[in-house]
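# Understanding the architecture of this molecule
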Amino acid sequence: MSIANKIYNYSVNGIISVALIYGLWLLMRVCVFDYFTIPTESMYPTLKPGDKVIVNKLLMGARIYKDFNFSTHGQRLESFRLKGIRPVKHNDIVVFNIPIHNDSICFIINKNMCKRVVAIPGDSLSVVDGFYKNNNYSKVLGLEKMQKKLIETPDSIMQGMGIVLDAYPFNGNVPWKIKQFGPMYIPRIGDVINLAPNDAVIYKRMLEWELGKKITWDRQRNEVYADGKLIKRHIFKHNYYFCAGDNVCNSDDSRYWGLVPEEYIIGIVVKTL
């Protein structure tokens with residue numbers, strides 16, 4: 001074999017090897033693990049800005065896209081999830097796609113958050129004097145010392161720091177605050193709720209996402225409407241999670257914009273680099 005042929009064979013084999021290695025690495029990131037950099041102090045002191053976290057996708061099952069025509073303006077997420085080892089649990093730290101854009105649930109790839117799960121489908125979550133209370137979980141959720149700091153910090157100081165004290169759904173008929181919140185029921189697939197105006201206020205984004213219709217209400221009639229037609233109850237089609245930062249005094253999380261659909265969760269954090 002000539003030197004030219006040897007060089008050619010080495011080059012081809014090298015290119016194939018690199019392509020195979022890259023393909024394996026990409027497959028591992030899609031189906032097994034991924035890593036993300038923490039951008040803010042919302043999970044402080046558990047995670048600090050600049051920390052890198054490894055996300056295990058095998059635990060709850062890797063999410064596989066069915067539509068790769070991604071839009072930077074937001075779209076409906078088309079995907080399915082492989083069978084996982086276990087569901088998301090209380091106090092898991094997860095990475096997820098930010099679910100709310102322009103007051104509605106929509107998907108924008110690579111717009112991610114990292115938070116702690118303080119309520120899973122079927123729970124009722126409250127914040128009582130700054131502390132998380134969950135009807136299905138008696139242990140501490142998040143960091144107790146940070147929640148103690150929240151209730152001990154005067155409102156005037158927090159407002160002076162630019163921290164918003166009002167909370168989701170920012171409606172005078174449901175006057176929740178970050179120090180006194182809920183109780184809020186976290187829907188699971190198959191749950192049936194009877195709809196009154198306050199229910200429509202709380203679940204408006206989820207109802208509009210699931211139904212693809214505009215939700216309105218009439219308090220005098222005590223009625224809720226989907227695209228102008230009376231709707232008395234709803235069967236939820238998705239599981240949802242309440243995700244919050246450990247730095248409860250300064251975290252953009254479910255207390256401000258609502259719940260995370262299960263489909264938006266990328267994976268569970270298992271290690272910090």
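Structural notes, computed from the coordinates. (Residues numbered from 1 in each chain as written. Predicted model: local features only at pLDDT ≥ 70, side-chain atom pairs only at ≥ 80, totals over all residues. Heavy atoms only, no water.)

### Looking at the pairing of strand 14 (residues 223-226)
- Across four bridges, the pairing between strand 13 (residues 215-218) and strand 14 is antiparallel. Within strand 14, the position partnered with I215 by the bridge is A226.
- Hairpin connection between strand 13 and strand 14: a loop of four residues separates the two successive antiparallel strands, and N222 in this loop has a positive phi of roughly 55°.
- Bridge analysis of strand 14 against strand 15 (residues 229-230) gives two bridges, and the strand direction is antiparallel. What sits directly across from A226, in strand 15, is K229.
- Counted along the chain from strand 14 to the antiparallel partner strand 15, the turn is two residues long, and its residue D227 has a positive phi close to 55°. (Pairing = 2+ DSSP bridges. Helix = DSSP H or I, 4+ residues; strand = E, 2+ residues; numbered from the N terminus.)

### Thoughts on unusual backbone geometry
- A cis amide bond links Y44 with the next residue in sequence, P45, at an omega value of 0°.
- Secondary-structure assignment places P45 in the loop between strand 1 (33-37) and strand 2 (52-56).
- Of note, the bond from G182 into P183 is cis; its omega dihedral lies within 30 degrees of zero at 5°.
- Summarising the element assignment, P183 is placed in strand 11 (residues 181-185).
- Its identity as a non-glycine residue notwithstanding, N222 has a phi of 55°, on the positive side.

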